[in-house]
Structures are given as C-alpha cells and as structure tokens.
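Analysis of the macromolecular model
Here is what each chain is made of, one letter per residue.
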Amino acid sequence: EELTEIARGGMGVVYRGLHKKTQRYDAVKVMRPDHLVGSASEHASLLRLQFLRESQLAARVAHEHIVPVYQVGETDGRPWFSMQLVEGSSLYDLTRDSQISSERVVRYIEQIARAIDTVHRYGILHGDIKPQNILIETKTDRPLISDFGLADLDSASSVRSAMGIAGTPA
C-alpha cells in the first residue's frame with residue numbers, strides 16, 4: 001500500500017510501498033505497461049522474460065553491496081518484484097550535487113568491485129554498471145548495486161543474445 005513512484009527506467013517503474021504484513025517500506029519494481037501491449041508478440045514475451053530474469057538473477061547472489069530482492073509476483077498480468085528500499089541517492093547524483101573526496105570514491109569502487117566479482121563467480125553478467133545504478137545508503141554510506149535489468153548468465157544462449165545489443169550507450 002501507499003505506492004509512490006520513485007524511479008522510472010527502460011523496463012519498469014519503481015515505487016516506494018508499505019508492505020502490509022511487515023510494516024516495512026520496500027521498493028517495488030513493476031514492468032512498464034507499454035511493454036505488455038501486444039503481449040502475444042515474440043518481442044513482448046522476451047521483454048517479460050527479461051524482466052522476470054532480473055529478479056531471479058539479482059536474488060541469486062546475496063552480498064552486502066547488492067540490493068536484495070524480497071518477493072516476486074504478478075498482479076493483473078503485470079510482473080513485479082520487491083526489494084530493499086535504499087534511502088539515499090545514486091552515485092551519479094551524489095557526485096553531481098556535491099564534492100566527494102577521492103578516498104570515499106576509492107572505498108565505493110573497492111566495495112562495488114568486490115560485489116561484481118561475487119556476481120561473476122555466480123556466472124552472471126550485470127550488463128549495466130554505471131553511477132546511476134550504484135545507490136548510496138545515507139545512514140551507512142554503503143554503496144549498493146541495483147538494476148539487474150540487463151543482467152544475464154554468462155552464456156551465448158541468453159535472453160540478452162536473443163534481444164540484441166542493450167545497455168546505456170552514454
């Protein structure tokens with residue numbers, strides 16, 4: 001309940017929402033409705049599969065610097081998953097809005113590199129590491145990797161291979 005939009009991306013919309021049973025605020029990512037139009041098409045089916053794989057691959061790796069996935073579901077034909085709500089800002093916003101020490105940046109890079117190493121040990125490629133997908137938790141100053149939307153298993157027979165080239169060119 002109490003869903004409030006907090007982010008919008010290529011695959012989904014992220015809401016801040018109160019979990020009824022735990023009374024905890026979580027982030028809930030819902031597949032964008034425009035990706036479900038013509039859901040019988042092969043492209044729409046691949047987009048749906050990619051969205052579901054995001055939650056599966058993100059949930060596969062437990063690491064202190066990866067946003068954990070809590071639940072996965074579907075409501076009214078729209079896939080969704082819930083994850084930790086990271087109270088803070090992205091590394092991108094943090095570096096644009098304020099001066100940040102080189103020591104702090106090095107600490108973030110080390111922690112993120114260790115998390116990515118763990119992801120790779122599970123045979124997963126994130127596919128979209130960038131400052132916008134690194135969230136910095138305000139209370140702990142801890143960086144967390146988010147948005148596994150382009151993640152896939154490190155194999156030639158992957159969803160991403162079927163979809164073609166994807167990512168953030170800029």
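Refer to the structure printed above.
These numbers were taken from a predicted model, which means no experiment stands behind them.

It is worth spelling out the environment of Lys 29 at this point. Counting through the fold element by element, Lys 29 comes out in strand E3 (residues 25-31). When the C-alpha positions of Lys 29 and Ile 6 are compared, they lie 9.9 Å apart, and in sequence the two are 23 residues distant. Within the structure, Lys 29 has its side chain in polar contact with the side chain of Glu 54 (distance 2.9 Å).

Using the criterion set out here, one finds two cavities of 30 Å³ or more in the structure. By volume, the largest cavity amounts to about 60 Å³. Lining the largest cavity are Glu 54, Ala 58, Val 67, Val 69, Phe 81, Met 83, Ile 145, Ser 146, Asp 147 and Phe 148. At the level of elements, helix H1 (42-60) and strand E5 (78-84) are the ones that each hand at least two residues to the lining of the largest cavity. A per-class count over the lining of the largest cavity returns seven nonpolar, one polar and two charged.

Rules used throughout
- Residues numbered from 1 in each chain as written.
- Predicted model: local features only at pLDDT ≥ 70, side-chain atom pairs only at ≥ 80, totals over all residues.
- Heavy atoms only, no water.
- Helix = DSSP H or I, 4+ residues; strand = E, 2+ residues; numbered from the N terminus.
- Polar contact = N/O pair within 3.5 Å; in protein donor to acceptor, adjacent residues only side chain to side chain.
- 1 Å grid on protein atoms, 1.4 Å probe; cavity = no way out; pocket = protein on both sides within 12 Å on 5 of 7 lines; lining within 4 Å.
- Points joined across faces, edges and corners; volume = space filled by probe spheres on them.
- Nonpolar A, V, L, I, M, F, W, Y, C, P; charged D, E, K, R; others polar.

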